[in-house]
Amino acid sequence: MLQIHDIQITYRDIGCICGKLPIIYIHEVERSAHYSNNFAKQMTFTIKTNQKVFLEEEIYIKLLAAAEERADRYNKMWAAREEEGKTFHTKKTWHGEEKVYWYKLSQFLTVTFHQEEDTWNKRMRNDYYRPMSCVVNLQACRENAQAQRDHSVALLEARVNGHLAVTDTITADNLKLGRQNLIEGNVTGLTKEGEEFQVFTQMMWNYRYGENSANGYLTQYVQFRSDRRGARQEGKSIQQAKTEAEKQAKRDAKQAIIDQKQQAKWEKFQKLPVQMEKWIDKEIKTLANVISDEGLADSQRRADRMGYKFDAEWQIKCITKDIETHNTLRNDLRHWQNDETGLKALFDKGVDTRNKLKEMYGV
């Protein structure tokens, strides 16, 4: 329902008629009917900062505990190996017992390895079969907690925005942190017609540990329940519009790359008329030499040497036709040097390379 705030009424004339109750003449009414501009906004729903911080800190603390437990276990295991006088660990595989290689142990642990001399360059290097100790990488834990938080927050925001139309206005966000891994409440808003609605939402989460988790230590997994009550959602949802905008942005970026390549190709093609004119001049001269008196004589001597009959008339006819074709292309090349519009039209038709242009003229 439309809410009207700060209604101010000025009373100027109050009169009585025949002893009846007073009649109030309202000469000035000032209303502030703007859905409380400091609160109601047409916007994409975003989660509150304190809730984001809570999610991140909870993930970070649990991830840190898992990493510290793993580091403590590794340190005890490696210390026991050293006490036994061993320099490596082994594991059983399908084809026997193998040494354990600890090169990529974990992103959440910083490992110190035994140092040994490289036989080639005499420098010291890590022996990745012999880790000595490890400590938790706090920065890596923090960054992973932030990434997990962003993933969960994005899912929650997408869930709520899926219930909001692009023309809806948000007036209240009552989502709160609950007990037992829960954010719940509702988001209230108005449709463009001023009808009120509420989106009721619950985000629940749990954790997977160790090998069952995505990172091998701890990963948060979220689930949702949500529905819209009150005024019906009309038209495209904010989430749908956001998704479409992201897809369009990707298409635009892809098209921009294509356009950039095409522009570079066009700039190269623009130089072709001058370049090809020089080439075709040489071709025409070469062909003309073939049917000159000297060229025909050379062809005759070659025919006599190889024992076949030479038809000078046929050769003149064929070569003359080739020269005419080359001349046609040369004339067009000279024309295009002063006709960029015509050259661009040819380029847009797909004749956009030297070979395609030669193929078009049959040269």
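Here, every reference points to the structure presented above.
The present account deals with the structure reproduced in this document. (Residues numbered from 1 in each chain as written. Predicted model: local features only at pLDDT ≥ 70, side-chain atom pairs only at ≥ 80, totals over all residues. Heavy atoms only, no water.)

A short note on the nonpolar core
Formed by 42 residues in total, the largest nonpolar core has its most connected members in Leu 109, Cys 141, Leu 164 and Met 203. Those elements that place two or more of their residues in this core are helix H1 (49-83), strand S5 (109-117), strand S6 (124-136), helix H2 (138-161), strand S9 (182-190), strand S10 (196-209) and strand S11 (218-230). Residue contributions to this core peak at ten residues, all from H1. What Leu 164 contacts, discounting residues up to four positions off in sequence, is Phe 45, Ile 170, Phe 197, Val 199, Arg 228, Gln 233, Lys 236, Ser 237 and Ile 238. Ranked by size, the runner-up nonpolar core spans 14 residues in total, among them Leu 272, Met 276, Leu 346 and Leu 357. (Core = buried A, V, L, I, M, F, W, Y, C linked by side-chain atoms within 4.5 Å. Buried < 20%, exposed > 50% of the residue type's maximum accessible area, 1.4 Å probe, protein only. Helix = DSSP H or I, 4+ residues; strand = E, 2+ residues; numbered from the N terminus. Contact = heavy atoms within 4.5 Å.)

Observations regarding the side chain of Thr 191
Residue placement: Thr 191 occurs in the loop between S9 and S10. For Thr 191, the contacting residues outside a window of four places in its chain are Thr 167, Asp 168, Phe 197, Arg 228, Ala 231 and Arg 232.

Brief notes about the pairing of S9
Summarising burial for S9: seven of the nine residues are buried, a large majority. In this structure, strand S7 (residues 169-173) lies alongside S9, joined through four bridges in antiparallel fashion. Bridge assignment links Thr 169 to a residue of S9, and that residue is Leu 190. Relative to S9, strand S8 (residues 176-178) is paired through three bridges, and the arrangement is antiparallel. Bridged to Gly 178 within S9 is Leu 182. Where S8 folds back onto S9 in an antiparallel hairpin, the turn is made up of three residues, including Gln 180, whose phi is positive at roughly 55°. Sheet topology note: the S9/S10 ladder contains nine bridges and is antiparallel. Residue pairing across strands places Val 187 opposite Val 199, the latter belonging to S10. In textbook terms, the turn of a hairpin is the stretch between consecutive antiparallel strands, and for S9 and S10 this stretch comprises five residues, one of which, Gly 194, has a positive phi near 85°. (Pairing = 2+ DSSP bridges.)

Digging into unusual backbone geometry
With the exception of glycine, most residues fall at negative phi, and the peptide bonds are largely trans. Unusually for a residue other than glycine, Gln 180 sits at a positive phi of about 55°. With respect to the helices and strands, the residue Gln 180 is situated in the loop between S8 and S9. With phi around 55°, Asn 181 is a residue other than glycine that occupies positive phi space. Mapped onto the fold, Asn 181 is located in the loop between S8 and S9. The partly exposed category is assigned to Asn 181, whose relative accessible area is 26%.

Side note on the packing of helix H4 (residues 272-290) against helix H8 (residues 354-361)
Relative to each other, H4 and H8 sit at 60°, their axes nearing to 12 Å. Our classification of the angle between H4 and H8 gives oblique. As H4 runs across H8, the sense of the crossing is right-handed. Residues Leu 272, Met 276 and Trp 279 of H4 touch H8, and the partners they reach there are Arg 354, Leu 357 and Lys 358. Its residues assigned to classes, the contact of H4 with H8 comprises four nonpolar, no polar and two charged. (Axes fitted to C-alpha atoms, helices over the stretch in contact; angles between N-to-C directions. Parallel < 35°, antiparallel > 145°, perpendicular 65-115°, else oblique. Left-handed = near helix turned anticlockwise from the far one by under 90°. Nonpolar A, V, L, I, M, F, W, Y, C, P; charged D, E, K, R; others polar.)

Description of the pairing of S10
Pairing analysis gives 13 bridges linking S10 to S11, with the strands arranged antiparallel. Within the sheet, the bridge partner assigned to Phe 197 lies in S11 and is Gly 230.

Some remarks on the pattern of salt bridges
In total, this model carries 19 salt bridges according to the counting rule given. Here Glu 82 ties to Arg 130 by a salt bridge, and the two come within 2.9 Å at their closest N and O atoms. Of the two residues, Glu 82 sits in helix H1 while Arg 130 sits in strand S6, which places them 48 residues apart along the sequence. Residue class for Arg 130 comes out buried when judged on its relative accessible area of 15%. For Asp 281, the salt bridge goes to Arg 330, with nearest N and O atoms at 2.6 Å. With Asp 281 in helix H4 and Arg 330 in helix H6 (residues 312-336), this pair connects stretches of sequence that are 49 residues apart. (Salt bridge = Lys/Arg side-chain N within 4 Å of Asp/Glu carboxyl O.)

Quick look at helix H3 (residues 238-270)
Under the 1.5 Å per step criterion, the end-to-end length of H3 is 46 Å for 33 residues, consistent within 8% with the ideal 48 Å. When we look at burial in H3, the residues that qualify are Ile 238, Gln 239, Trp 266 and Phe 269. (Expected span 1.5 Å × (residues − 1).)

Considerations on H2
With 24 residues, H2 ought to run about 34 Å at 1.5 Å a step, and its terminal C-alpha atoms sit 34 Å apart, in line with that. Along H2, the positions that sit buried rather than exposed are Ala 140, Cys 141, Asn 144, Ala 145, Gln 148, Arg 149, Ser 152, Val 153, Leu 156, Glu 157, Val 160 and Asn 161. Tucked into the core, H2 has its buried residues touching H1, S6, S9, S10, S11 and H3. Looking at where H2 begins, the residue whose side-chain oxygen comes 3.2 Å from the main-chain nitrogen of Gln 139 is Asn 137. (Polar contact = N/O pair within 3.5 Å; in protein donor to acceptor, adjacent residues only side chain to side chain.)

Re the side chain of Asp 168
Tracing the backbone through its elements, the reader meets Asp 168 in the loop between H2 and S7. The class of Asp 168 is buried, set by a relative accessible area of 3%. A polar contact of 2.8 Å, which involves the side chain of Asp 168, links it to the backbone nitrogen of Ala 165.

A closer look at the environment of Asn 215
Tracing the chain through its elements places Asn 215 in the loop between S10 and S11. As for Asn 215 and Ser 106, which are separated by 109 residues in sequence, their C-alpha atoms are 9.0 Å apart. Leaving out residues up to four positions away in the same chain, Asn 215 has contacts with Leu 63, Gln 107, Phe 108, Asn 144 and Gln 148.

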